[in-house]
Amino acid sequence: MPKEARPGSGEQAKQYALERLRQAILRGEMSPAQRLVENELAEQYDVTRASIRAALLDLAAEGLVERIRNRGSRVRVVTVEEAVEITECRMVLEGLCAARAAVDATDVQLDELTDLGKAMSKAVADGDPLSYSELNHELHARIRDISGQQTAVGLLERLNAQLVRHRFQLALRPGRPQQSLSEHLAVIEAIRARDPQAAERAVRAHLSSVIDALRAG
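## A few points about the nonpolar core
Of all hydrophobic cores here, the largest spans 41 residues; its most connected members are L113, L139, I143 and I191. Those elements that provide at least two residues to this core are helix 4 (80-104), helix 5 (107-125), helix 6 (129-147), helix 7 (150-161), helix 9 (176-192) and helix 10 (196-216). When neighbours within four sequence positions are excluded, I191 is seen to be in contact with A98, A101, A102, L110, L113, I143 and A199. Core analysis: the next-biggest nonpolar cluster, separate from the first, contains 21 residues, A17, L18, L59 and L64 among them.

Written as structure tokens, this is what we have:
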């Protein structure tokens, strides 16, 4: 990005640093427990140290960063126990969104979900777990968008951001994408049938399976 597009200080600089730090964490470019040194980050992103500090405070509020007294900040480590608790919360919110989507989806949106299901099936058949993981994430996001339940969407975005590392680990586990695929196809089928109760049950069954996989290590 050209230097002139990088505001060095102020609210714009904080937002610039915040977005890039967030994406680096979500993409796995920064490892769990990695120290986040303000001076180094300020130089890397060409903003002030104060902008970095403000961005790190926002990321701490989102649960992506933890601040350790007298030691600065680091990428937060989400334990398996925490991941299970987060997924239990997701069950309620994702179930709500799926039920709403089953009622409110247009025919075009239903076709989009069907296409995602086909792409997921192809990724599994091709033995491409990383593409499958991205499509998995896209499917859940699309269902949330279709639901129009903005409060649930906002909560889920914050919860899901904390599960990135576990999501990729599960995607790479032998046999997991095949099992997950059938669960996602059941969600799509229930939404296409415009059956909100079945859609909610399918989501809960899928996330119960995720919890079992997390606990299995």
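## Considerations on the pairing of strand 3 (residues 72-75)
Side-chain direction in a regular strand flips from residue to residue, so the side chains alternate between the two faces of the sheet. With 2 bridges joining them, strand 1 (residues 35-36) and strand 3 adopt antiparallel strand pairing. Across the sheet, the residue bridging to L36 is S73, located in strand 3. Pairing analysis gives 4 bridges linking strand 2 (residues 65-68) to strand 3, with the strands arranged antiparallel. Paired with E66 across the two strands is R74, which belongs to strand 3.

## A look at the sheet that holds strand 1
One open sheet holds the 3 strands; their spatial order is 1-3-2, and the pairing between them is antiparallel. Looking at the sheet topology across the chains shown, the edges are occupied by strand 1 and strand 2. Helix-sheet contacts for helix 3 (residues 49-62) involve strand 1, strand 2 and strand 3, and the interaxial angle to strand 2 is about 115°.

## Some words on unusual backbone geometry
Positive phi is not limited to glycine here, since D46 has a value of about 60°. Residue placement: D46 occurs in the loop between helix 2 (38-45) and helix 3. For D46, a relative accessible area of 27% puts it in the partly exposed group. Backbone geometry at R194 places phi at a positive 55°, although glycine is not the residue there. You can see R194 is positioned in the loop between helix 9 and helix 10.

Analysis parameters
- Residues numbered from 1 in each chain as written.
- Predicted model: local features only at pLDDT ≥ 70, side-chain atom pairs only at ≥ 80, totals over all residues.
- Heavy atoms only, no water.
- Core = buried A, V, L, I, M, F, W, Y, C linked by side-chain atoms within 4.5 Å.
- Buried < 20%, exposed > 50% of the residue type's maximum accessible area, 1.4 Å probe, protein only.
- Helix = DSSP H or I, 4+ residues; strand = E, 2+ residues; numbered from the N terminus.
- Contact = heavy atoms within 4.5 Å.
- Pairing = 2+ DSSP bridges.
- Axes fitted to C-alpha atoms, helices over the stretch in contact; angles between N-to-C directions.

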